[in-house]
Amino acid sequence: MGGMTLEGLLERIIFYFKDDPHGFLVDFEQNIRIISSDNEDIGELIEYSDQGIKEFLSTKYHDKEEEYLKILTRIKNTLSVAKIERESKGDNTEDNDLLLTIREYFNESSVPFGELELSLEEEKVVIKVNFSESSKLKGKIVELNSWCTENVIEAFSKKYKVPVENISYIDSVGKYIKFISGFENINYVSRGQKNCQYDLVPSLHRLYKSSYKSHSSTYESLFKQKVAFYDSSLENKDAEELRAYGQHFGLPTNYLDFTEAHLISLLFAVEDYKYTENHSVVYFVDALAHNKEATKDEIKLVDFSDKELKATKEKNYSDKSYFIKVGNSSERIHFQKGCFLKVEPNDSLEKMLEHYTKVAIIDRNSKKTILTELFNLGITFENIYPDKDNMVKTIKFINEEI
């Protein structure tokens, strides 16, 4: 490989499509030619592993990870097939046209083209793929199979240490309600995510690997300065209320959103019902039991609007992650019955997941059905996002999908 790092190469490529990913794909071939013309070392992309690319995107572009990964995979595959074409012997025009067609067919797949051998034998196109135990394709197939419907509970348990008996596979609101009705107490808080393979990591920790407080202070200071132009009522909010408010608008923080309303968590899990590449998940954590372990106090949600209590907990348990609530800093928090897991960087959540957590895996092919059932129960986007945009989003789903 050349002198450019993977990070530098990816940043250079992402520059071409980050402002308009859809437009980039519409004129994909032309854009590839432009990138190749501007960057002689663009071909180095095919030398880097898919895992390396995913790790970079997860750290730097978490919110856009899936979208960017698809585009970068298509670019990588296109470059790989182009390399194969250049290295193939002969100059038969019909053969080259056929290879171009093959490229178009596989462009959007995740097949690692670096492990393909293409050849033409009479009227057949022979595609040989390395499928040894050490091959990328074999590894990809094994990974995908481990998260299929039949194996997902075991795969999730193995990855996140949640006991198998605490995991349930859900394909309807009825089964979901039956599952949570079996909880032994009412101390659980929950969190829904559209992809069951997303780790429980707050946005600030995805972006940075150190100096969290410094980065957090910078974000919050700028947010406080600028948000005053839009909402003067926030001037009297304390730091925690501002942080919670900013969290709901994408401000990087060390908070993970949870709620005391489990049907709302289910709505969050299936909100993006068109995403069916993986199952969704709802985490349920016994907040009282976890907080007792973390802070030695039987409090389900540490009330950070109580200044004295907040100061005591932060002083004595600064290295611990625990559940908190803040004042009603926004309508969203109020309507969503929101609370937060305040996550400290060096405090593993593994014990919480192993001892105090139950999980509902939401069937990827049932997301739209479940969302429709929630709407029939009066749980809609408009209920949890009280604004005009989500009022329209609710109206569109009712009229177009139900």
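In this report, we go over the structure that sits alongside the text. (Residues numbered from 1 in each chain as written. Predicted model: local features only at pLDDT ≥ 70, side-chain atom pairs only at ≥ 80, totals over all residues. Heavy atoms only, no water.)

Once that is clear, we can look at the pairing of strand β5 (residues 255-259). By the criterion of burial, β5 is predominantly enclosed, with four of the five residues buried. Strand direction decides the pairing type here: β5 and strand β9 (residues 338-342), joined by five bridges, are antiparallel. Counterpart to aspartate 257 in the pairing with β9 is phenylalanine 340. (Buried < 20%, exposed > 50% of the residue type's maximum accessible area, 1.4 Å probe, protein only. Helix = DSSP H or I, 4+ residues; strand = E, 2+ residues; numbered from the N terminus. Pairing = 2+ DSSP bridges.)

Together, Val125, Ile127 and Val129 make up a nonpolar patch on the protein surface, roughly 180 Å² of accessible area in all. Turning to its location among the elements, valine 125 is positioned in strand β2 (residues 124-129). With a relative accessible area of 32%, valine 125 lands in the partly exposed category. (Patch = residues over 30% accessible without salt bridge, like charges linked within 9 Å, V, L, I, M, F, W, Y side chains within 5 Å. Areas by Shrake-Rupley, 256 points an atom, 1.4 Å probe, with all protein chains shown as cover. Salt bridge = Lys/Arg side-chain N within 4 Å of Asp/Glu carboxyl O.)

Taken as a whole and assessed by the stated rule, the structure comprises 20 salt bridges. Where glutamate 220 meets arginine 243, a salt bridge forms, and the shortest distance between an N and an O atom there is 2.6 Å. Residue glutamate 220 is found in helix α11 (residues 212-227), and its partner arginine 243 is found in helix α12 (residues 239-247); the two are separated by 23 residues along the sequence. Taken as a pair, glutamate 220 and arginine 243 share a single burial class, namely buried. The partner of lysine 393 in a salt bridge is glutamate 271, and the shortest N-O contact between them spans 2.9 Å.

Bringing the packing of aromatic side chains into the picture now. Scanning the entire structure with this criterion turns up 22 aromatic pairs. Their ring planes at 50° and their centres at 4.8 Å tell us that phenylalanine 156 and tyrosine 160 sit as a pair that is tilted. With phenylalanine 156 and tyrosine 160 both in helix α8 (residues 152-160) and four residues apart, this pair spans about one turn of that helix. For the pair phenylalanine 179 and phenylalanine 183, a centre-to-centre distance of 5.4 Å together with 85° between the ring planes defines the contact as edge-to-face. Summarising the burial analysis for this pair, phenylalanine 179 and phenylalanine 183 share the class buried. Over the ring of tyrosine 275 we find lysine 194, and its NZ or CZ is 4.7 Å from the ring centre. (Phe/Tyr/Trp six-rings, centres within 6.5 Å; stacked < 30°, edge-to-face > 60°. Lys NZ or Arg CZ within 6 Å of the ring centre and 35° of its normal.)

This paragraph deals with the nonpolar core. Counting 28 residues, the largest nonpolar core has Phe156 and Phe323 as the members making the most contacts within it. Those elements that provide at least two residues to this core are α8, β5, β6 (280-286), β9, α17 (350-355) and β10 (357-362). With five residues, α8 is the single largest residue contributor to this core. In this view, phenylalanine 156 contacts Trp147, Lys161, Val162, Ile167, Cys196, Val281, Tyr283, Val359 and Ile361; residues no more than four positions away in its chain are not counted. (Core = buried A, V, L, I, M, F, W, Y, C linked by side-chain atoms within 4.5 Å. Contact = heavy atoms within 4.5 Å.)

With that settled, consider helix α14 (residues 287-295). By the burial criterion, the buried members of α14 are Ala287, His290, Asn291, Ala294 and Thr295. All buried residues of α14 lie within an arc of 105° about the axis, which places them on one face of the element. Note on α14: the residue one or two positions beyond its end, lysine 296, has a positive phi of about 60°. (Arc of directions from axis to C-beta.)

Attention shifts here to the side chain of lysine 313. Relative to the helices and strands, lysine 313 resides in helix α15 (residues 307-316). Among the residues examined, lysine 313 registers a relative accessible area of 4% and is labelled buried. When neighbours within four sequence positions are excluded, lysine 313 is seen to be in contact with Thr295, Asp297, Val302, Ser318 and Tyr322.

Before going further, it helps to examine the side chain of serine 280. Position of serine 280 relative to the elements: it lies in strand β6. A distance of 2.8 Å separates a polar side-chain atom of serine 280 from the backbone oxygen of alanine 269. Look past the residues within four positions of serine 280 in its chain and what remains in contact with it is Gln193, Lys194, Asn195, Cys196, Ala269, Ala360, Ile361, Ile362 and Lys367. (Polar contact = N/O pair within 3.5 Å; in protein donor to acceptor, adjacent residues only side chain to side chain.)

Mapped onto the fold, asparagine 346 is located in the loop between β9 and α17. Separated by 26 residues in the primary sequence, asparagine 346 and lysine 320 have C-alpha atoms spaced 8.3 Å apart.

Interhelical geometry of helix α13 (residues 262-270) versus helix α18 (residues 367-376) gives an angle of 140° and a closest axis separation of 9 Å. When the interaxial angle is binned, α13 and α18 end up oblique. Crossing of α13 against α18: the hand is left-handed. The segment α13 lies against α18, with Leu263, Leu266, Leu267 and Val270 engaging Lys367, Ile370, Leu371 and Leu374. Looking at the contact of α13 with α18, its residues break down into seven nonpolar, no polar and one charged. (Axes fitted to C-alpha atoms, helices over the stretch in contact; angles between N-to-C directions. Parallel < 35°, antiparallel > 145°, perpendicular 65-115°, else oblique. Left-handed = near helix turned anticlockwise from the far one by under 90°. Nonpolar A, V, L, I, M, F, W, Y, C, P; charged D, E, K, R; others polar.)

Our next topic: the pairing of β6. Here β6 lies mainly inside the structure; seven of its seven residues are buried. Going residue by residue along β6, you find Ser280, Val282, Phe284 and Asp286 tucked away on one face and Val281, Tyr283 and Val285 tucked away on the opposite face as well. Alignment of strand β4 (residues 188-193) against β6, held across six bridges, turns out to be antiparallel. Paired with valine 189 across the two strands is valine 285, which belongs to β6. For β6 and β10, the ladder comprises six bridges, and the chain directions are antiparallel. Among the inter-strand pairings, valine 282 is bridged to a residue of β10, identified as alanine 360.

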